[in-house]
Amino acid sequence: MPRPSRASRASGAPSAPRASRATTRVTAAQVAAHAGLSVATVSLVLNGKTDGRVSPANIERVRASVAELGYVVDQGASALARGRSDLVVLVAPDLSNPFFGSVIQGIEQELGPRFQLVLSVTESGVQPSASDVRRFAGLRPAGYLVDAPSDAFLDELGDDAPLVVLDAPELRTDVAAVNYDMRDAIDALAAHLASRGHRTLGYLDSITDTRTFQLRREQLTAAAERNGMTVSAPDAARSIIELGAAAAAFGAAWPEWRADGVTAVVCATDTHAYGVLEAARASGLSVPGDVAVTGFDDLPYSRVTAPPLTTVRLPGEPLGRAAARRLVAQIDGADAAGGHAAGPTVGPPPDLVATLIARGSTA
């Protein structure tokens, strides 16, 4: 015989029957009956199509009934009715990279409650394929935000839904994009290192073969040459964007770097630089005395590493906000066009400017 609950023993009252897990789903018709309105009016409110059609008072009546009855929108049916859902899909090859925390924050701030952000996560260092993204097609997403894709990826993906790409320099021009202008900051970094007597730099790269990482290495190599320096980048000097992997890559590359006379290591991301700082400390190397270390991103932790990290600041939150703003403009344009995917509806924004932040790791 089951024991009575503590509350039942205290009051002497029998235990209330436990609610059944199987509950009847509230329908839009029930919401309409509760609000004293038509199902059509309820549908307009639930689908956000009230402008000029539903009075503010009736909107409040529907919302109050939805809250009181616990009505949950059937997203599948809603997507079929409208031709799309309220989902925005963010696709990136390295979402585990801490940099994306600020990017996602910017996206969510711009999307607000109107859309739900969905993340497409792939194995670290592996670019997603268009076939991976098509798994979301059944959800009828409102649009896609894709970080650092290739032309081949976009060709395979097609144009079924609005699309904005992030941090994809030198990509084809028929796609809405938000990029970084890194050249001046990289020039400043090279001049900064040259002024401190460095003549040979090591470069620790990411294994993710995207154009943004290629461009960082290419622009640094050119800027170093203009400042009388050379860059050593052996095959071992690359890893996924993860502290432990970066530390191991530094350990593998350091013998060759030391033989080449490397006195400063430039890393493709701040996370790589954290790994170098850890490996240098474990090897008894002084930073910046024996080797200077720099990165890209300017993550929050870069201000509190030991020593604080010199880095090229890539503003993540503004990147997310600008990309989401352009995507919403496309979605609204598609809605106005009767649900057909629309091309870029606003002019190309100026690239977000990267800046050099000099700290103790290169002092």
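See the structure above.
Cut-offs applied
Residues numbered from 1 in each chain as written. Predicted model: local features only at pLDDT ≥ 70, side-chain atom pairs only at ≥ 80, totals over all residues. Heavy atoms only, no water. Helix = DSSP H or I, 4+ residues; strand = E, 2+ residues; numbered from the N terminus. Buried < 20%, exposed > 50% of the residue type's maximum accessible area, 1.4 Å probe, protein only. Contact = heavy atoms within 4.5 Å. Areas by Shrake-Rupley, 256 points an atom, 1.4 Å probe, with all protein chains shown as cover. Expected span 1.5 Å × (residues − 1). Axes fitted to C-alpha atoms, helices over the stretch in contact; angles between N-to-C directions. Parallel < 35°, antiparallel > 145°, perpendicular 65-115°, else oblique. Left-handed = near helix turned anticlockwise from the far one by under 90°. Nonpolar A, V, L, I, M, F, W, Y, C, P; charged D, E, K, R; others polar.

Moving on, we come to the overall build of the protein. In terms of helices and strands, the protein carries 13 helices and 14 strands. Evaluated residue by residue, the protein yields a buried proportion of 46% over its 363 residues. Sequence separation of 24 or more characterises 71% of the internal contacts of the protein that already satisfy a separation of 6 or more. Total accessible area on the protein stands at roughly 17700 Å², and carbon and sulfur atoms take up 53% of it.

When the terminal C-alpha atoms of helix α9 (residues 183-195) are compared, their 18 Å separation across 13 residues agrees well with the 18 Å that a helix rising 1.5 Å per residue should span. For α9, the set of buried residues is Ala185, Ile186, Leu189, Ala190, His192, Leu193 and Ala194. After α9 finishes, the residue Gly197 shows a positive phi value of roughly 90 degrees.

On to the environment of Ala32, then. Looking at the element boundaries, Ala32 is found in helix α2 (residues 28-35). Spatially, the C-alpha atoms of Ala32 and Val42 are 6.1 Å apart, while their sequence positions differ by 10 residues.

Here we take up the packing of α2 against helix α4 (residues 56-69). Interhelical geometry of α2 versus α4 gives an angle of 120 degrees and a closest axis separation of 9 Å. Here α4 runs oblique to α2, going by the angle between their axes. Crossing geometry of α2 relative to α4 is assigned as right-handed. Residues Gln30, Val31, His34 and Ala35 of α2 lie in contact with α4, whose contacting residues are Arg61, Val62, Ser65, Val66, Glu68 and Leu69. Residue classes in the contact of α2 with α4 are distributed as 5 nonpolar, 3 polar and 2 charged.

As for its position among the elements, Ser65 is in helix α4. For Ser65, a relative accessible area of 3% translates into the label buried. Each residue touching Ser65, except ones within four places of it in the same chain, is listed here: Val31, His34 and Ala35.

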